[in-house]
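Summary of the model geometry
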Amino acid sequence: MREVAAEFERPALLFSGGKDSICLLRLAEKAFRPSDLPMPLLNVDTGHHFAELNDFRDRRAQELGGKLIIRTVEDAIARGIAVPAPGELSRNRLQIPTLLAAIEEFGFDCLIGGARRDEEKARAKERFFSFRDAFGQWDPKSQRPEIWNLFNARIHPGEHMRAFPLSNWTELDVWEYIRREHLEVPAIYFSHKRKCVRRHSQWLPVTELLPPKDKEPVKELVVRVRTIGDIISTGMVESPAGSIDDIIREISVARVTERGSRADDKTSEAAMEDRKKAGYF
Amino acid sequence: MSFPAHPIEILRFNTCGSVDDGKSTLIGRLLYDSKSLMDDQIAALERSADITGNGQINLANLTDGLRAEREQGITIDVAYRYFATPRRKFIVADTPGHVQYTRNMVTGASTANLSIVLVDARQGVVEQTRRHIYIGALLGIPHLVIAVNKMDLANWDQERFLRIREQVEGFLPKLNAFRDVKFIPISALNGDNVVTASTSAPWYEGPTLLAHLETVYIASDWNLNTLRFPIQWVNRPNRPADAALHDFRGLSGQIAGGIIRKDQEVLLLPAGIKTRVKEIWTYNGSLNEAFCPQSVTLRLAHDVDASRGDVIVGTENLPGCSPELRARLCWMHTRPLQPNRKYLLKHCAQTVQAVVTSLENRIDMASFEPDLAPGQLGINDIGVVHLRTSKPIVFDGYSRNRFTGACILIEPGTNATVGAGMLFPPIESAKPEYSDFAI
């Protein structure tokens, strides 16, 4: 983190309010206090966020006295920056042009993100400092070798870097850190009652964006989220976990990975790889 | 209600070998047999097994994450995996074997405690094997495992295993490295001696690979003897109205060696100014002492001019402080290194200009003997170079401190990382002089 602050002129920290970026913010506090955070917080709002998450994001940013920049996919579509494919419901792909436009708008030269290598196979190949060309693309075949803790952070104007301080953390590490640091997390991580429909062997939350189809059975279940993505593709996990200790106990014995509940990663074996090459984080 | 306390000891290891030695299969086997795989990962494996046709689960698909890798059946880049057993947590770097990606091996291995070098029982020791062992030795990896794989295809022939062992032991003494070396006969494909002991090799009495990984003694790798604190970031809150923070001037960084105590006398280098630690500030409150590899913010007794790249050290066991460096260099770029060329050198928290004043030798990978007039270093070559930097560098020998003894070279223009350097210890005349702080 300090390496980013020292090496770049206009860095930003990606903060969604999700569990990984909550840890990221605490690391930033530890790195920079008693000074103010030397970078703004950035979030791409897909319009498909859980309301609880956005509330938490705004409140936390205010508590920290951080500057929060939000750019919406809605607005990017209106301005023609992001163009949905016919019938494209998920906002996942559309985040990419929105994010790249924000980088251009503010001239950001480095984004700190909470991605972890244990999440997914393509992410397992990420560097701590991941170089992106002038089109925001990731080229996994020509990554810079990363030796010891000596990070080559040099870029040309127009290019940018993504930095991933949590690269070597696992899902369990994240929750253990949240417990150790007494960090607050949005309530949707804990078990609650929610109306769900069963699709593609997952429980999806019923919302305005995802109304039940004709005669589709709706069930009220006791659920929580394990990972948060687009609200129309985030699978709810049936769980009674009501505290951080419960969650740690639950994932210690879990038999399904965190991203097993994300429909976006199941599209194809290379789904994440393709999105990353295009500029996803 | 109680649940098992999580293990805290972390072992970092890397796997290396030639193409088709079965590295990815081995990691897949470790994950699969140690029950670290989740149901959806197994389901994804089964899905891709159907696609590729033969219907058999391919364990290598677990780590070969990129599409080109699956198509060509090779590993392109370093992939990291994480698993835990009740005894330890493991961070695995799967590093590719084919020649053009050897630089990735250095990437995966530079921070490892242990290196697993795979040898195909049918092929025996090949040049890549020697290269990987040599690089592991250069990087100062403390523990080495030679996993003789595909023993099933060699009829579990003990003679063959012993011959490979003899070959490796033949050149190990030259390297003068590794605290311990273990030879284990395995079949990653069938799982023999990976997690469960093999019934095919009654002649082998040693531990399985996982048992060894769980129990190998990883004494603290951190250097706790000699204080080194490279300043990474100057912490100056810009709040004139806040009386408590008005005068706050902190020096933030990670302790790269030794222990630092409140009120201790320290030197700021390269300026050579002696001062005292007034406070060890952290987010969770002040500390009386802190040690490597903690990250802290120091406040000094005097208002000295210190900035990123300067190093705070103890008053004994001084480091080198000189613009003249001698380094063992691993070259990682297709454009060769040539004497008199200029590069950027990153060392600890600073980047300076550097010129290669001379190329002393290039190591011949077959004999490990130096070739004394090489002319240049090509990709994957290792040799000794002399460098002159635009500013003095505060450094130690790599064998003494992996943080302050390492550097990378960056090519100006392309910004490519082209070389990884391990510094030789400073000669006596390169030791700094200093004076007490005077107002």
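Keep in mind it's a predicted model, so treat the numbers as computed, not measured.

Some points on the confidence of the model for chain A
Mean pLDDT over chain A works out to 88, with 92% of the residues at or above the 70 mark. Within chain A, helix 8 (residues 271–278) of chain A has the poorest average pLDDT of any element, 69, and strand 1 (residues 11–14) of chain A the best, 97.

Description of the domain arrangement of chain B
Residue and element names in this part refer to chain B. The domain architecture assigned to chain B consists of domain 1 (10–215), domain 2 (228–313) and domain 3 (320–430). Between domain 2 and domain 3, the contact holds 12 residues from the first and 9 residues from the second. Looking at the side of domain 2 that touches domain 3 residue by residue, the class counts come to 6 nonpolar, 4 polar and 2 charged.

Observations concerning the sheet that holds strand 7 (residues 192–199) of chain A
Strand order in this open sheet of 4 strands is 8-7-9-10 (chain A), and the pairing throughout is antiparallel. Strands at the two margins of the open sheet, each flanked by one partner only, are strand 8 (202–205) and strand 10 (237–238) of chain A.

Thoughts on the confidence of the model for chain B
Per-residue pLDDT for chain B averages 86, and the proportion of residues at 70 or more is 86%. Note on residues 1–7 of chain B: pLDDT under 50 across the span, and 9 contacts to partners over four residues away in sequence or across chains.

Brief notes about the domain arrangement of chain A
Residues and elements named next belong to chain A. According to the domain assignment, chain A consists of domain 1 (2–173 + 269–278) and domain 2 (187–263). Counting residues at the interface gives 16 residues for domain 1, matched by 15 residues for domain 2. Listing elements by their share of the side of domain 1 that touches domain 2, those giving two or more residues are helix 3 (51–64) and helix 6 (171–180). Broken down by class, the residue content of the side of domain 1 that touches domain 2 amounts to 4 nonpolar, 6 polar and 6 charged.

Some thoughts on the pairing of strand 5 (residues 129–132) of chain A
Residues and elements named next belong to chain A. Where burial is concerned, the two faces of strand 5 agree: the one with Phe-129 and Phe-131 and the one with Ser-130 and Arg-132 are both buried. Two elements, strand 5 and strand 6 (residues 160–163), share 4 bridges in a ladder whose sense is antiparallel. Directly across from Phe-131, in strand 6, lies its bridge partner Met-161.

Regarding the environment of B:Phe161
Relative to the assigned elements, B:Phe161 resides in helix 6 (residues 158–175). Given 22 C-beta atoms within 10 Å, B:Phe161 falls into the buried group.

Observations concerning the environment of B:Val234
All names here are of chain B. One can find Val-234 in strand 8 (residues 233–235). By C-beta crowding, Val-234 is classed as partly exposed, having 17 other C-beta atoms within 10 Å. Expressed as a C-alpha distance, the spacing of Val-234 and Thr-297, which sit 63 residues apart in the sequence, is 8.8 Å.

Remarks on helix 5 (residues 95–106) of chain A
Residues and elements named next belong to chain A. The first and last C-alpha atoms of helix 5 sit 17 Å apart over 12 residues, in line with the 16 Å expected at 1.5 Å per residue. Looking only at helix 5, the buried set comprises Gln-95, Ile-96, Pro-97, Thr-98, Leu-99, Leu-100, Ala-102 and Ile-103. Gly-107 sits one or two residues past helix 5 and shows a positive phi near 70°.

Section: the sheet that holds strand 1 (residues 10–16) of chain B
Strand pairs in the sheet, formed through backbone hydrogen bonds, run parallel or antiparallel to each other. Residues and elements named next belong to chain B. Reading across from one edge, 2-3-1-4-5-6 is the order of the 6 strands in this open sheet, with mixed pairing throughout. Looking along the sheet, the strands with just one partner apiece sit at the ends: strand 2 (79–84) and strand 6 (180–185). Taken over all neighbouring pairs, the strand axes of this sheet differ in orientation by 20° on average, direction set aside. Of the strand pairs in this sheet, strand 5 (residues 143–149) and strand 6 are connected by 6 bridges, and their pairing is parallel. Paired with Leu-144 across the two strands is Val-181, which belongs to strand 6.

Each value, and the rule that gives it
- Residues numbered from 1 in each chain as written.
- Chains lettered and ligands numbered in written order.
- Predicted model: local features only at pLDDT ≥ 70, side-chain atom pairs only at ≥ 80, totals over all residues.
- pLDDT = per-residue confidence, 0-100.
- Helix = DSSP H or I, 4+ residues; strand = E, 2+ residues; numbered from the N terminus.
- Domains from an automatic or database assignment.
- Contact = placed C-beta atoms within 7 Å.
- Nonpolar A, V, L, I, M, F, W, Y, C, P; charged D, E, K, R; others polar.
- Pairing = 2+ DSSP bridges.
- Buried ≥ 20, exposed ≤ 12 C-beta atoms within 10 Å, placed from the backbone.
- Expected span 1.5 Å × (residues − 1).
- Axes fitted to C-alpha atoms, helices over the stretch in contact; angles between N-to-C directions.

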